[in-house]
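Observations on the model geometry
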Amino acid sequence: MMSARDFWQLAAYISALLVLAPILGRYMARVFRGERTILHPAVAWIERLVYRVCGVRTEQSMHWKEYAGALLIFNGLGFVVLFLMQMIQRWLPLNPENLANVSWNLSFNTAVSFMTNTNWQSYAGETTLSYLTQMIGLTVQNFVSAGTGIAVMLALIRGLTRRLGRGIGNFWVDLTRSVVYVLLPFSVILAVALVTEGVPQTFSPSAHVTTLEGQEQVVPLGPAASQIAIKQLGTNGGGFYNANSAHPLENPTPISNFLEMLSILLLPASLVFTYGRLVGSRRQGWLISGVMLALFLGGLALSLNGEFSHNAAIGTQANMEGKEIRFGIVNSVLWAMATTAASNGSVNAMHSSLSPLAGGVALFNIMLGEIIFGGVGAGLYGMLMFVLLTVFLSGLMVGRTPEYLGKKIEVKEIRMVMLAVLAPCAVILVGSGIASVLPVALSSLTNRGPHGLSEILYAYSSGAGNNGSAFAGLNANTVFYNVTLGIAMLIGRFAVIIPSLAIAGSLVIKNVSPPSAGTLSTTSITFAVLLIGVILIVGALTFLPALSLGPIIEHLMMVAGRTF
Amino acid sequence: MWDFRTGFRMFLVLTILTGVVYPMAVTVVCQLFFEGEADGSLIKLDGSAVASRNVGQSFVDSVYFWPRPSAISYNPLPSSGSNLGPTSDALRKLVDERREALQSAHNVRPAPSDLVLASGSGLDPHISPEAAQYQVVRVVSARHLDDGQRNELLGVVNEYTEEPTFGLLGDSRVNVVKLNLALDSLSKAMK
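Residues numbered from 1 in each chain as written. Chains lettered and ligands numbered in written order. Predicted model: local features only at pLDDT ≥ 70, side-chain atom pairs only at ≥ 80, totals over all residues. Heavy atoms only, no water.

Comments concerning the overall build of chain A
Counting secondary structure elements, chain A contains 18 helices and four strands. Against the compact-globule benchmark of 24 Å for 564 residues, chain A has a radius of gyration of 23 Å, which places it among compact chains. With the C-alpha coordinates of chain A rotated into their principal frame, the extents come out at 75 × 60 × 50 Å. Residues classed as buried in chain A amount to 67% of the 564 residues present. Accessible surface computed for chain A: about 17600 Å², of which carbon and sulfur atoms make up 68%. Here chain A contributes 30 positive and 22 negative side-chain charges, whose respective centroids are spaced 16 Å apart. (Helix = DSSP H or I, 4+ residues; strand = E, 2+ residues; numbered from the N terminus. Rg over C-alpha atoms; globule rule 2.2 N^0.38 Å. Buried < 20%, exposed > 50% of the residue type's maximum accessible area, 1.4 Å probe, protein only. Areas by Shrake-Rupley, 256 points an atom, 1.4 Å probe, with all protein chains shown as cover. Lys, Arg positive; Asp, Glu negative; His and termini not counted. Charge placed at Lys NZ, Arg CZ, Asp CG, Glu CD.)

Quick look at the pairing of strand β1 (residues 207–210) of chain A
Residues and elements named next belong to chain A. The alternating pattern of β1 places A207 and V209 on a buried face and H208 and T210 on a face that is not buried. Bridging between β1 and strand β2 (residues 216–219) involves four bridges; their strand directions are antiparallel. Bridge pairing in β2 places T210 opposite E216. In this antiparallel pair of consecutive strands, β1 and β2, the connection spans five residues, and G214 shows a positive phi of 85°. (Pairing = 2+ DSSP bridges.)

Topic: the sheet that holds strand β3 (residues 126–127) of chain B
Residues and elements named next belong to chain B. Here we have three strands laid out as an open sheet, ordered β3-β5-β4, and antiparallel in their pairing. The sheet is open, and its two borders are formed by β3 and β4 (161–162), each paired with just one other strand. Direction of pairing for β4 relative to strand β5 (residues 173–175): antiparallel, over a ladder of two bridges. From the neighbouring strand, T161 faces β5, where its bridge partner is V174.

Examining the nonpolar core
All names here are of chain A. I288 and F296 are the most contacted members of the largest nonpolar core, which has 237 residues in total. Ranked by residues supplied to this core, first place goes to helix α7 (residues 171–197) with 16 residues. When neighbours within four sequence positions are excluded, F296 is seen to be in contact with I14, L265, L334, M337, A338, A341, I372 and F373. (Core = buried A, V, L, I, M, F, W, Y, C linked by side-chain atoms within 4.5 Å. Contact = heavy atoms within 4.5 Å.)

Comments concerning the pattern of salt bridges
According to the stated counting rule, one finds 16 salt bridges over all chains in the structure shown. Linking E410 of chain A and K510 of chain A is a salt bridge whose minimum nitrogen-to-oxygen distance equals 2.7 Å. In this pair, E410 of chain A is assigned in the loop between β4 (407–408) and α14 (411–435) and K510 of chain A in the loop between α17 (479–508) and α18 (525–559), connecting sequence segments 100 residues apart. Owing to a relative accessible area of 14%, K510 of chain A belongs among the buried residues under this scheme. D184 of chain B serves as the salt-bridge partner of R143 of chain B, at 3.1 Å between the closest nitrogen and oxygen. One end of the pair, R143 of chain B, is in the loop between α4 (129–142) and α5 (147–159); the other, D184 of chain B, is in helix α6 (residues 176–190), with 41 residues separating them in the sequence. Owing to a relative accessible area of 14%, R143 of chain B belongs among the buried residues under this scheme. (Salt bridge = Lys/Arg side-chain N within 4 Å of Asp/Glu carboxyl O.)

Digging into unusual backbone geometry
Here the amide bond leading from L77 of chain B into P78 of chain B is cis, since omega sits at -10°, within 30 degrees of zero. Along the chain, P78 of chain B turns up in the loop between β2 (48–52) and α3 (89–106). Here N466 of chain A, not a glycine, exhibits a phi torsion of approximately 55°, which is positive. Position of N466 of chain A among the secondary structure elements: in the loop between α16 (450–464) and α17. Phi at Y74 of chain B is positive, roughly 60°, even though this residue is not glycine. Mapped onto the fold, Y74 of chain B is located in the loop between β2 and α3. What makes Y74 of chain B buried here is its relative accessible area of 6%.

Remarks on the domain arrangement of chain A
All names here are of chain A. We note that the domain assignment places domain 1 (25–268) and domain 2 (379–559) within chain A. Between the C-alpha centres of domain 1 and domain 2 the distance comes to 25 Å. Each side of the interface is counted separately: domain 1 has 39 residues, and domain 2 has 42 residues. The largest contributions to the domain 1 side of the interface with domain 2 come from W120, L156 and L160, which together make up 23% of the buried area. (Domains from an automatic or database assignment. Buried area = accessible area lost by both parts, 1.4 Å probe.)

Side note on the packing of helix α8 (residues 224–233) of chain A against helix α1 (residues 4–33) of chain B
Two elements in contact, α8 of chain A and α1 of chain B, have axes whose closest approach is 8 Å; the angle formed by their N-to-C orientations is 120°. Viewed along their axes, α8 of chain A and α1 of chain B adopt a mutual orientation that is oblique. In this structure, the crossing between α8 of chain A and α1 of chain B has a hand that is right-handed. Of α1 of chain B, the residues touching α8 of chain A (which contributes S226, A229 and I230 of chain A) are Y22, P23 and V26 of chain B. Within the contact of α8 of chain A with α1 of chain B, the residues separate by chemical class into five nonpolar, one polar and no charged. (Axes fitted to C-alpha atoms, helices over the stretch in contact; angles between N-to-C directions. Parallel < 35°, antiparallel > 145°, perpendicular 65-115°, else oblique. Left-handed = near helix turned anticlockwise from the far one by under 90°. Nonpolar A, V, L, I, M, F, W, Y, C, P; charged D, E, K, R; others polar.)

Here we look at the packing of helix α3 (residues 64–87) of chain A against α1 of chain B
Axis separation between α3 of chain A and α1 of chain B bottoms out at 9 Å; the angle between their running directions is 55°. When the axis of α3 of chain A is compared with that of α1 of chain B, the two are oblique. Pair α3 of chain A / α1 of chain B crosses with right-handed handedness. For the pair formed by α3 of chain A and α1 of chain B, the contact residues are I73, F74, L77, G78 and V81 of chain A on the first element and F4, G7, F8, M10, F11 and L14 of chain B on the second. Of the residues in the contact of α3 of chain A with α1 of chain B, the class split is nine nonpolar, two polar and no charged.

A word on α5 of chain B
Note: α-helices contain 3.6 residues per turn, so residues at a spacing of three or four share the same orientation. Residues and elements named next belong to chain B. Taking 1.5 Å per residue, 13 residues should reach 18 Å; α5 reaches 18 Å between its end C-alpha atoms and fits that length. Buried within α5 are the following residues: Q149, L153, V156 and V157. Viewed along the axis of α5, the buried residues span an arc of 100°, placing them on a single side of the element. Opposite its buried face, α5 presents the exposed residues D147 and E159, each directed more than 90 degrees away. Elements that come into contact with the buried residues of α5 comprise α4, β4 and α6. Its side-chain oxygen at 3.1 Å from the backbone nitrogen of G148, D146 defines the N-terminal cap of α5. (Expected span 1.5 Å × (residues − 1). Arc of directions from axis to C-beta. Polar contact = N/O pair within 3.5 Å; in protein donor to acceptor, adjacent residues only side chain to side chain.)

Quick look at the structure:
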């Protein structure tokens, strides 16, 4: 049973989020408009220095293809460097534990994973990656993949708001501002706060202790806090340690847990308010936040219900398998919901051991396309795809040309929207389908019965949704999964980014028509209900059959006391 | 469309900023002001490290309080949970075995569920207060304590029972490593 204190923990979390998001949203709107903010005296010189050293012409506004080109070059470089760095890490400095070079397929998977903001863990941080790889490889991509997400979101906003224009902004400026004014300062604060709670931050090798019973135990150390801070804030999620934020050195106390959990949703939730300000309609921001919050709370309620239910199959009441005592059930479920709603993917409890309902909701959150707050930037441009789809469908219903923020939504935009919405879905279903019949894929399973299917389904959803969490019973460090999940991540990322930029490019040249009596209001409750309907119908139609064979049937079997 | 020059330079500059300057700066600040925590919160006894305050250890001797089951037997290379699902036959068998073992060691009612279910990291340093109380009788008899010493031990258990932070966050818990360390120093004092 949930206690009153459990309820107040949830309330404290939601309230902190709702208080901070509008404030940060306002701050970020000022940053991205290039206005002066409270942090300018401290960091503006870094922004200017970056432009000068790199020769960025800040006044240049790029055509959408130029913008996409810059983005692809930058991400491509990041991929190549991280891929090669892992394969030769044994010969590079800052490798005190003398860890071996990483295999080509694991390097490919991890490089794609961090470049696409997925941060799927086929690797085990403390035994696979050197301090140098974690720092110069992973930490850098943690920052710039989040910055890339924000940049795409800003480009799409310019497409919606500029009239009869051509350029959708400057990728280098958007990226630099995201890193310098948002990600970096917040990460410094969070990293230091985490160290005070007990997260390591050192370049010394692992510590060796002799336990009370006389055994040798290695305590793996490293520059952990600096990476964990941006891993949470940038909706990345790849752990410094294998057990991610369930690891007592990655997340030592209830305070560190609260801070890390808040950081998961902080920027995605704030960016919705930034959006409202940048499009000049704060109501628009509130509407989208409201829709996201409603979907979030619905999933949370269902999961808590599942997690506090009796498990007739194992014969336990409180489901503490895979959970840590210092967090308890409520913090574990709340984290599971936050990390799958945002495309964060860090975990503080093992999702594979969640009850079928909670695990199923986590899976469904990812399948919806990572739009319930979603990834930094990525959640909002993903959600805007659904907003445009809803506008289009409502337009069809009343027989008028659909418009959003005064811009006509036509065939070209809707084609791109459908590509962005359906490509990840196709990857999930096709990938899981193939893996469910190949012996080489099935040999990676830990659990049998419906839970085995859930492991596979979760892996491809997590890859295509750029989430990164796992039903980790699946041994994903095999050539088959490293390669196919890598491809799933690439499609899930760029088959949404490129259409979003194309839409920005095609909207920016249009004029804004003034609202008339027949214009559909996109700030009304009716529209919010329509939007939730479209999101759930697309998700349900696509995934209900697969979910029935995985978590849904597992729930029924568990109630009946069956094991596999 | 393909501006490689700027792309290359941006990548280099942002790598230095976020991959070198940022982690170095955080390290310097934390090593200056929070050295103990930044180095893994090690507990030293007579000069040598016996534990990290945050990392659980394996205890099998009956003079100690026992921790939760661990999928990795408390060997942190690498950390991991069992990842067994809610309808796993293997999990049910494990739970049944652990229940039986605990009941025969304690001669009492069924064990609290955190003592039969493995943690997420495999390194959970904590058990629930119920799980600590459950083991008191066994530890007392294994250490051959008289009634007065038994009360002292109970006092230590209570002292090491941590309440939710600010009365709100997290669950009540007992750090098994710290508790067992305290027991050892108590026993030394009694001799």
